[in-house]
Amino acid sequence: MTRRVALAVFVATTMVELVRAEASPQTVAAAAARSVVKIYGAGGVRGLEAYQSGVIMSPDGRIVTAMSTVLDSEGIDCVLDDGRRFEAKLVGVDPRRELAILSIAAADLPVLATASVRATAGTRVFAVSNLFGVAVGDERASVQRGVVAAVVPLEARRGAADAPYRGDAYVLDFTTNNPGSPGGALVDGQGRLIGVIGKELRATANGIWLNYAMPIDEVLRGCEAIDAGIASLPATAEAPAFDVRRLGIVLVPNLLDRTPPFVEAIAPGSAAARAGLEVDDLIVAVGPRAVGTRVGVEKEVGAIREGDPVRLALIRDGVVVECDLGPRPATETTP
Amino acid sequence: MTGGVRWILGMAAAAVAVSSWHEPRAGEPVRAEEEAFRAAVSRVAGAVVRIEPPAVTTAVIAAEAGAAAGPSSGVVVDPAGLILTTDFAVPADVRETVVVLPDGRRVAARPLGRDTSRGLVLLETAPIPGAPPLEAVPRTSLEPGQWTIAVGRGWAAADPGVSVGILSAIDRAWGLAVQTDAAVSPMNYGGPLVDIAGRVIGVIAPLPAEPARMMRGTELYDAGIGFAVPLEDVLGCLPRLRRGEELRPGVLGVGYESRDPINGEPVVASVRQGSPAARAGLRPGDRITSIDRRAVRRVADARHALAPRHAGDTITIAVARGDGEARVTVTSTTTLVAALPPWRRAILGAILADRDAAEDTTPAGPGIEWVLPGGPAEAAGIAAGATVVAVVSAGSGERVATPTASAVAGVLAGLEPGDPVRLHLETAGGESVADVRLADMIRTVPAEGPLAATTAIDANADAARVVRVKAVDLVEAPVAILPAGTSPAPVLIWCGPPRGTVDESDAAVWKAAAATTGVIVLLPGSSTPREWKQDDVDTVIRGLQAVAGDRAVDPARVAVAGQGAGGGFAWLVAAALGDACAGVAAGDADMPTRVSFDEAQPGDGKWFLFGDERAAAAHDARGRLERAGHAVGTLPVAAGAGPPAAVLCRWASLLGLL
């Protein structure tokens, strides 16, 4: 499967139209906009928009877009860059990536070349979408510019619920968390499709609104999964919290939601004792991930696979100390 | 055909012809920019660190840390182990934090010094070998429109985050910061803002855009507005931060004649006793012309020059003193302080009024309208009718001419209760002097007060008119009782029990009091009949503005009073008016916890009257207000009685007591 994606990406990398065209911002914007469609569907209630964007992925009318309530409609309309309107059929959805594929009965549609390598922080990009639904009929989708601010695993939420996609995302340094933007195209300076704009989400770490796109290789993987009929939510959304007493660590009582993870006691002969943990150590990280609360420690240790090493960073007397507690035990012992 | 193969064919069909891959020539500008951005980032990346959310702060323990807490950034200013970050990442109560270095090492760091004006914190940790030296962009070479790149490690410790924009403005936030449109958020607070060559313009910080009365800095992350403290300025403070000092905004200790904080003229009205301004020899009437050789033409210029300076910094201040031929420029230096002791309002015990220049060809000074029985002026033998020509304060021995009542107030503002002053007076009997020992501001409303100018009272005319205030957008038009006369009048806003629209007949109990004291009484209505709402506060303020548009109002004597449910509402109105409110009498309504008042200072010393001094809540509020230097007294509420119109109007008329 991976090889197929790589092949698809490679073959599509060179499109005659773009290689011949001068890749100035103007030509890049124009070419990208030709492959972006305006999607109209359900919505308009509870302040939800009834429109979003999509990217043409094949000349015969396959369109990728964001999975959203806009698609919960008897009739989904796709309006192309040239103003032609088609009724779209929902081919399928990938609930994990929150992507959907639509199909329209058209031919010879313009398709963007896709990038063969991941963009990195600092890559110049253009986002093309029908943000705020301002483009109608044959009006061209809007183009924004900026750079990829960071490439990081998405840790985001919508309201109180965590977003299901946890893979890499391109965080952008300009505002794309607008109504109508989801499903739009992200292209690089050479006009290659590098990602699809994601839905409106907030960062879990600090609650700020995220401007991000899903990298094109993930999008193609999602498309494959839909076509293969294997697109689904991950079996377990969240690993259960791990009781660190099983490692021999007794943390201070959880008086508040944000109780700092101070070590209150160490069980003699336990993994923690062997690793050299001491009473009054403050746990600041589990593996590479920072933790600030007792609940956070339990959650992060729970996320380590059974048998994988548990490494803790602690503050002791003003110095960070790293401890290796060995393989993570099973969550529950079999009696 | 499997789904995967179909996708491949779709893509292949799109690739009409495969020519050999080459760099598109015309793409150079975009690519060149991109390469320049990356080069600039790589020059500083080794100095950018990630600051992890504080594990131990009292704020966290109190569960007060908001959603905005999270990873942030910092910049290494000395490879010996000094890192600059913001107080967003390391709030005041944090003793220890965790820093992830560019090489991925996690180290503990402790705050060494803080700059509270700029919200920056200097962290100390183990040496950071390999951190590149920072090259600061000279402030003078910055130009709006140039590229700016914000670098941080909040998104990922391993790879610095990048956001690109231009310099939007220099000299923002009273000269503390430059402004950029590069995306700035908690993720890159503390990180460097660099130019296209990778030189450091400044340290990204969540400063509030305060002059525009905008939100906290942290709420501006998504608004196309971000700030950075110029590195040059920070490096100047670095030696003090390294010594573990807390740098606080420097206070000079002057008040200005103008109430306009932006365009007002920088003429000194008051000089606080023992303040840096007093030590520099500044006097009421001086016009500040420059601070540290920066020209000052408006009050805003003075603030601009002072805001970047810390307590402990020495400034050079030049003032113009005297008029015409006698005008001289006096230059002196003084060292700013962090805080002044609370101001205590000292009074002569008199009401002064400016003479109408037209009626008196020699406007030598304000006239004494009324003398407080038992007050210092009366004790010194001063009677109503005299004109105050000049004041000599015992301390400096300087004679300050006082052409207006506010000039007298300015001299008094620099003195304390108990200080002796000599007044030069002009009376019908000629010139005289009177030595007065200033007293504390009175706390309780005296049995008698100043009466409205008798010329205004005419047997045939109404001594006070009742009108319905008309203004655009007024939800509930208030009723106003306007006393006769044209001189600037005090205003009393009375918030009775809520009952919707105020009837003009409600004005009856106020008419006599308003007429005799010359106080304008404003009776606002509530938008709903049973309760006062927060939205009504705005309506009241608009009503006040509408009255002030029609009839001269004395801005230094605006009072808010209320009773029952209206008492609580009066507190809200007073808080919304801020320094435009000179007195609050809220009956026995507790002061709401969200209401607070600034510390008293010259020109803004309030007079509070509490209905019940025994109530515990009132006791706490009284203590707070007294410690803040305000006058706090008691006005008992008579159960079931109507508004104490006469006492309240007398009180309002006495708010300007000097």
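Since this is a predicted model, take the numbers as computed values, not measurements.

**A look at the overall build of chain B**
Link 1 in the chain: Looking only at helices and strands, one finds 13 helices and 35 strands in chain B.
Link 2 in the chain: Counting all 658 residues of chain B, 53% fall into the buried class.
Link 3 in the chain: About 27,900 Å² of surface is accessible on chain B, with carbon and sulfur atoms providing 52% of the total.

**Re the overall build of chain A**
Link 1 in the chain: The helix and strand inventory of chain A stands at six helices and 21 strands.
Link 2 in the chain: A buried classification covers 55% of the 335 residues belonging to chain A.
Link 3 in the chain: Excluding contacts between residues fewer than 6 apart, the proportion of contacts in chain A whose partners are at least 24 apart in sequence is 61%.
Link 4 in the chain: Summing over all exposed atoms, chain A offers an accessible surface of approximately 14,000 Å²; the carbon and sulfur share of this is 53%.

**Considerations on the packing of helix α10 (residues 534-550) of chain B against helix α11 (residues 565-577) of chain B**
Residue and element names in this part refer to chain B.
Link 1 in the chain: Their axes nearest at 10 Å, the elements α10 and α11 cross at an angle of 60°. As the angle between them shows, α10 and α11 are arranged oblique. Considering only the axes of α10 and α11, their crossing is right-handed. Contact residues: α10 offers Gln534, Asp536, Val537, Val540, Ile541 and Leu544, while α11 offers Phe569, Leu572, Val573, Ala576 and Leu577.
Link 2 in the chain: Class assignment for the residues of the contact of α10 with α11 results in nine nonpolar, one polar and one charged.

**Considering the packing of aromatic side chains**
Link 1 in the chain: All told, the structure shown has eight aromatic pairs over all chains when counted by the stated rule.
Link 2 in the chain: What links up through ring pairs into an aromatic cluster is the set Trp571, Phe597, Phe608 and Phe610 of chain B.

**Focus on the state of the cysteines**
Link 1 in the chain: A complete count under the given rule lists zero disulfides over all chains for this structure.
Link 2 in the chain: Cysteine 223 of chain A takes part in no disulfide bond, and the closest cysteine sulfur, belonging to cysteine 78 of chain A, lies 14 Å away.
Link 3 in the chain: Since its relative accessible area comes to 0%, cysteine 223 of chain A is described here as buried.
Link 4 in the chain: In this structure cysteine 495 of chain B is not part of a disulfide, and its nearest cysteine sulfur, from cysteine 581 of chain B, lies 10 Å away.
Link 5 in the chain: Under the relative-accessibility criterion, cysteine 495 of chain B is labelled buried at 0%.

**Overview of the environment of histidine 304 of chain B**
All names here are of chain B.
Link 1 in the chain: When you line up the elements, histidine 304 lands in helix α6 (residues 299-306).
Link 2 in the chain: Classification of histidine 304 as buried rests on a relative accessible area of 17%.
Link 3 in the chain: Once the C-alpha coordinates of histidine 304 and valine 467 are considered, the two residues, 163 residues apart in sequence, prove to be 44 Å apart.
Link 4 in the chain: If we skip the residues at most four places from it in the chain, histidine 304 touches Asp171, Trp174, Gly175 and Arg294.

**Section: the pairing of strand β34 (residues 607-610) of chain B**
Residue and element names in this part refer to chain B.
Link 1 in the chain: The alternating pattern of β34 places Trp607 and Leu609 on one face and Phe608 and Phe610 on the opposite face, and all of these are buried.
Link 2 in the chain: Here β34 runs beside strand β35 (residues 631-634); their pairing, made up of four bridges, is parallel. The residue of β35 that forms the bridge with leucine 609 is glycine 633.

**Considerations on the pattern of salt bridges**
Pairing of side chains with opposite charge becomes possible as their charged atoms draw close.
Link 1 in the chain: This model, assessed by the stated rule, comprises 49 salt bridges over all chains.
Link 2 in the chain: In this structure, arginine 316 of chain A and aspartate 281 of chain A form a salt bridge, with 2.7 Å as the shortest nitrogen-oxygen distance. Highlighted residues: arginine 316 of chain A in strand β20 (residues 309-316) and aspartate 281 of chain A in the loop between α5 (271-275) and β18 (282-286), separated in sequence by 35 residues.
Link 3 in the chain: The exposure class of arginine 316 of chain A is buried, given its relative accessible area of 17%.
Link 4 in the chain: Between aspartate 440 of chain B and arginine 344 of chain B there is a salt bridge, and its shortest N-O distance comes to 3.1 Å.

**Things to note about the confidence of the model for chain B**
Close reading of the predicted structure is inappropriate where its pLDDT is low.
Residue and element names in this part refer to chain B.
Link 1 in the chain: When pLDDT is averaged along chain B, the result is 85; 87% of the residues meet or exceed 70.
Link 2 in the chain: Put simply, helix α3 (residues 58-61) is where chain B has its lowest mean pLDDT, 38, and strand β10 (residues 192-194) is where it has its highest, 98.
Link 3 in the chain: Every residue in residues 12-25 is under pLDDT 50, and counting partners more than four places away or in other chains gives 20 contacts.
Link 4 in the chain: The low-confidence segment residues 56-67, where pLDDT is below 50, has 20 contacts with residues more than four positions distant or belonging to other chains.
Link 5 in the chain: Of the two predicted TM-score estimates for the complex, the pTM is 0.75 and the ipTM is 0.82.

**Examining α6 of chain B**
Residue and element names in this part refer to chain B.
Link 1 in the chain: With respect to burial, α6 is a largely interior element, seven of its eight residues being buried.
Link 2 in the chain: Burial in α6 covers these residues: Val299, Ala300, Asp301, Ala302, His304, Ala305 and Leu306.
Link 3 in the chain: Where α6 is buried, its residues contact β8 (161-172), β14 (254-256), β16 (287-291), β17 (294-295) and β18 (314-321).

**Considering the environment of glycine 154 of chain B**
Residues and elements named next belong to chain B.
Link 1 in the chain: Counting through the fold element by element, glycine 154 comes out in the loop between β7 (147-152) and β8.
Link 2 in the chain: Looking at glycine 154, the relative accessible area reads 3%, which means it is buried.
Link 3 in the chain: Not counting the four nearest positions on each side in its chain, glycine 154 is found in contact with Arg50, Pro71, Ser72, Ser73 and Met187.

**Quick look at the nonpolar core**
Residue and element names in this part refer to chain B.
Link 1 in the chain: Grouped together as the largest cluster of nonpolar side chains are 51 residues, with contacts concentrated most on Leu84, Val99, Leu122, Leu123, Ile149 and Leu207.
Link 2 in the chain: If you tally residues by element for this core, the top one is helix α4 (residues 231-242), at five residues.
Link 3 in the chain: With 40 residues, the next largest nonpolar core counts Val469, Trp532, Val560 and Ala574 among its residues.

**Considering the confidence of the model for chain A**
Link 1 in the chain: In the predicted model, chain A carries a mean pLDDT of 86, and 88% of its residues have values of at least 70.
Link 2 in the chain: Counted against residues more than four places away or in other chains, residues 9-22 of chain A, with its pLDDT under 50, gives 35 contacts.

**Let's talk about the pairing of strand β22 (residues 367-371) of chain B**
Residue and element names in this part refer to chain B.
Link 1 in the chain: Where burial is concerned, most of β22 is hidden: four out of the five residues are buried.
Link 2 in the chain: Taken together, the four bridges between strand β21 (residues 350-353) and β22 define a ladder with antiparallel strand orientation. Looking at the pairing, alanine 353 lines up with glycine 367 of β22.

**So, the side chain of threonine 86 of chain B**
Residue and element names in this part refer to chain B.
Link 1 in the chain: Along the chain, threonine 86 turns up in strand β3 (residues 82-86).
Link 2 in the chain: In this structure threonine 86 comes out as buried when scored by relative accessible area, which is 0%.
Link 3 in the chain: Residues within four places of threonine 86 in sequence aside, it is in contact with Gly119, Leu120, Val121, Tyr189, Gly190, Ile204, Ala205 and Pro206.

**Examining the sheet that holds β18 of chain A**
As a general point, the strands of a sheet are linked pairwise by backbone hydrogen bonds and lie either parallel or antiparallel.
All names here are of chain A.
Link 1 in the chain: Reading across the sheet, the four strands line up as β19-β18-β20-β21 and stay open at both edges, with antiparallel pairing between neighbours. Every interior strand has two partners, whereas the edge strands, β19 (289-290) and β21 (319-327), have only one.
Link 2 in the chain: Across four bridges, the pairing between β18 and β20 is antiparallel. Paired with leucine 282 across the bridge in β20 is isoleucine 315.

Definitions and cut-offs
- Residues numbered from 1 in each chain as written.
- Chains lettered and ligands numbered in written order.
- Predicted model: local features only at pLDDT ≥ 70, side-chain atom pairs only at ≥ 80, totals over all residues.
- Heavy atoms only, no water.
- Helix = DSSP H or I, 4+ residues; strand = E, 2+ residues; numbered from the N terminus.
- Buried < 20%, exposed > 50% of the residue type's maximum accessible area, 1.4 Å probe, protein only.
- Areas by Shrake-Rupley, 256 points an atom, 1.4 Å probe, with all protein chains shown as cover.
- Contact = heavy atoms within 4.5 Å.
- Axes fitted to C-alpha atoms, helices over the stretch in contact; angles between N-to-C directions.
- Parallel < 35°, antiparallel > 145°, perpendicular 65-115°, else oblique.
- Left-handed = near helix turned anticlockwise from the far one by under 90°.
- Nonpolar A, V, L, I, M, F, W, Y, C, P; charged D, E, K, R; others polar.
- Phe/Tyr/Trp six-rings, centres within 6.5 Å; stacked < 30°, edge-to-face > 60°.
- Disulfide = S-S within 2.5 Å.
- Pairing = 2+ DSSP bridges.
- Salt bridge = Lys/Arg side-chain N within 4 Å of Asp/Glu carboxyl O.
- pLDDT = per-residue confidence, 0-100.
- Core = buried A, V, L, I, M, F, W, Y, C linked by side-chain atoms within 4.5 Å.

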